[in-house]
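# Structural overview
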Amino acid sequence: MIRTLTIAAAAAFALSACSEAERRDTGNDVEAAADKIAAESKDAVNSPELKEVGAEIKDAAGDAGKVLKETAKGAVEGAKEGAAKVEAESQDAAHDAKH
């Protein structure tokens, strides 16, 4: 997009020093180049390769989500076990202190 705008700006600058026929020809060339870029961009967006990459990214994101979910689940279970152990040790220490 930026490249197209840069080309258009350069063409506009160059046109200011040209004859009417040269400006028309250059304008047509710029328009044709813009049309070609638009068509190639559309082809790239609709290409099977790009769709495959998108599907792979989607799969990878799903896999990462599963890993994060399982990691969080493990962390919660570990925290519960740790809390239960601390509570048991506290009760044992309190019991020992009474006797």
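Note that this is a predicted model, so its numbers are computed, not measured.

### Some points on the overall build of the protein chain
- When you go through the protein chain residue by residue, the secondary structure sums to three helices and zero strands.
- Listing every helix and strand of the protein chain by position from the N terminus yields α-α-α.
- Within the protein chain, the fraction of its 99 residues that count as buried is 3%.
- By element, 62% of the accessible surface of the protein chain is carried by carbon and sulfur atoms, the whole surface being about 8300 Å².

### Remarks on the side chain of S47
- Summarising the element assignment, S47 is placed in the loop between α2 (20-45) and α3 (48-98).
- Accessibility expressed as a relative area gives 15% for S47, which makes it buried.
- Side-chain polar atoms of S47 contact the backbone nitrogen of L50, separated by 3.1 Å.

### A short note on a negative patch on the surface
- Where like charges cluster on the molecular surface, the negative patch consists of E49, E52, E56, D59 and D63.
- Among the structural elements, E56 can be located in helix α3.

### Notes on the confidence of the model for the protein chain
- Model confidence for the protein chain is summarised by a mean pLDDT of 79, while 80% of its residues fall at 70 or above.
- Predicted confidence in the protein chain is weakest over helix α1 (residues 2-15), with a mean pLDDT of 65, and strongest over α3, with 84.

### Let's talk about a nonpolar patch on the surface
- Nonpolar side chains collect at one region of the surface, where V45, L50, V53 and I57 lie side by side and expose about 360 Å² of accessible area between them.
- In terms of residues, the nonpolar patch owes the most to one element, α3, which gives three residues.
- Residue placement: V45 occurs in helix α2.
- Under the relative-accessibility criterion, V45 is labelled exposed at 53%.

What counts and what doesn't
Residue positions are counted from 1 within each chain, in the order its sequence is given. Confidence filtering applies because this is a predicted model: local features only for residues at pLDDT of at least 70, side-chain atom pairs given and counted only at 80 or more, and all residues used for totals across whole chains, interfaces and linings. Hydrogens and water are ignored here; the side-chain numbers use all heavy atoms of the structure. Each helix corresponds to a stretch of at least 4 residues labelled H or I by DSSP, and each strand to a stretch of at least 2 residues labelled E; elements are numbered beginning at the N terminus. The rule is simple: take the accessible area with a 1.4 Å probe, protein chains only, and divide by the maximum for that residue type; under 20% is buried, over 50% is exposed, in between is partly exposed. For the area figures, the Shrake-Rupley method with a 1.4 Å probe applies, and any residue is considered shielded solely by the protein chains shown. By the criterion applied in these results, polar contacts are pairs of N or O atoms within 3.5 Å in which, for protein atoms, one can donate a hydrogen and the other can accept it, and in which residues neighboring in sequence qualify only through two side-chain atoms. Candidates for patches are residues over 30% relative accessible area with no salt bridge; among them, like charges are joined within 9 Å and nonpolar side chains (Val, Leu, Ile, Met, Phe, Trp, Tyr) within 5 Å. Salt bridge criterion: a side-chain nitrogen from Lys or Arg within 4 Å of a carboxyl oxygen from Asp or Glu. We count Lys and Arg on the positive side and Asp and Glu on the negative side, and we leave His and both chain ends out. Throughout, a charge is located at the NZ atom of Lys, the CZ atom of Arg, the CG atom of Asp or the CD atom of Glu. A residue's pLDDT is the confidence the predictor assigns to it, expressed on a 0 to 100 scale.

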